[in-house]
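# A structural walkthrough
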Amino acid sequence: MDDYRVIADELAADIAAGRLRPGERLLPLRRFARNRHIAGSTAARVYRELGRRGLTVGRSAAVPSSAPPRPRPSPPWPSRPRPGSTWR
């Protein structure tokens, strides 16, 4: 069953929209499960899925926090100069 992914998508949308800020702690696992009326194992899958997506970092297995925004990758360096340009 992929119900946990629906919940993970909701939390991912909250993170993307800024409703959960970088570094903000998520609810402890048991409280999250109780509030959502889901099993603890489902709540754990939600948190693992968010971690897999790089949206959370785990300070504790039970209370992760939202991850800081990822820096954009810098463009690759040219392997050789373009025609008409010089290396500096």
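What counts and how
Residues numbered from 1 in each chain as written. Predicted model: local features only at pLDDT ≥ 70, side-chain atom pairs only at ≥ 80, totals over all residues. Heavy atoms only, no water. Helix = DSSP H or I, 4+ residues; strand = E, 2+ residues; numbered from the N terminus. Expected span 1.5 Å × (residues − 1). Buried < 20%, exposed > 50% of the residue type's maximum accessible area, 1.4 Å probe, protein only. Polar contact = N/O pair within 3.5 Å; in protein donor to acceptor, adjacent residues only side chain to side chain. Contact = heavy atoms within 4.5 Å. Axes fitted to C-alpha atoms, helices over the stretch in contact; angles between N-to-C directions. Parallel < 35°, antiparallel > 145°, perpendicular 65-115°, else oblique. Left-handed = near helix turned anticlockwise from the far one by under 90°. Phe/Tyr/Trp six-rings, centres within 6.5 Å; stacked < 30°, edge-to-face > 60°. Core = buried A, V, L, I, M, F, W, Y, C linked by side-chain atoms within 4.5 Å.

## Digging into helix 3 (residues 40-52)
The end-to-end C-alpha distance of helix 3 is 18 Å, a good match for the 18 Å that 13 residues give at a rise of 1.5 Å each. Turning to helix 3, its buried residues number three or more, namely Ala-43, Ala-44, Val-46, Tyr-47, Glu-49 and Leu-50. One or two residues past the end of helix 3 sits Gly-54, with phi positive at roughly 80°.

## Details of the side chain of Glu-49
Topologically, Glu-49 is positioned in helix 3. Of note is the side chain of Glu-49, whose polar atom sits 2.9 Å from the side chain of Arg-53. Apart from the residues lying within four places of it in its own chain, the contact partners of Glu-49 are Tyr-4 and Ala-8.

## Topic: the side chain of Thr-56
Inspection of the secondary structure assignment puts Thr-56 in strand 1 (residues 56-58). Side-chain polar atoms of Thr-56 contact the backbone nitrogen of Gly-51, separated by 3.2 Å.

## Focus on the packing of helix 2 (residues 29-36) against helix 3
Put simply, helix 2 and helix 3 touch, their axes get as near as 9 Å, and they point 110° apart. It follows that helix 2 is roughly perpendicular to helix 3 by the angle criterion. Note that helix 2 runs across helix 3; the crossing there is right-handed. Packed against helix 2, whose contacting residues are Leu-29, Phe-32 and Ala-33, the element helix 3 presents Gly-40, Ala-43, Ala-44, Val-46 and Tyr-47 at the interface.

## Thoughts on the packing of aromatic side chains
Considering all chains together, one arrives at one aromatic pair under this definition. Aromatic side chains Phe-32 and Tyr-47 sit 5.0 Å apart centroid to centroid with 35° between the ring planes, which places their arrangement in the tilted category. Separated by 15 residues along the polypeptide, Phe-32 in helix 2 and Tyr-47 in helix 3 bring together distant segments of the chain. Take Phe-32: its relative accessible area is 5%, and that puts it in the buried class.

## Focus: the nonpolar core
By size, the foremost hydrophobic cluster in this structure holds 14 residues, and its most contacted members are Leu-11, Leu-20, Leu-26, Phe-32, Val-46, Tyr-47 and Leu-50. When contributions to this core are tallied by element, the ones reaching two or more residues are helix 1 (3-17), helix 2 and helix 3. For this core, the element with the highest residue contribution is helix 1, accounting for six residues. Apart from the residues lying within four places of it in its own chain, the contact partners of Phe-32 are Ile-7, Leu-11, Leu-27, Ile-38, Ala-43, Val-46 and Tyr-47.

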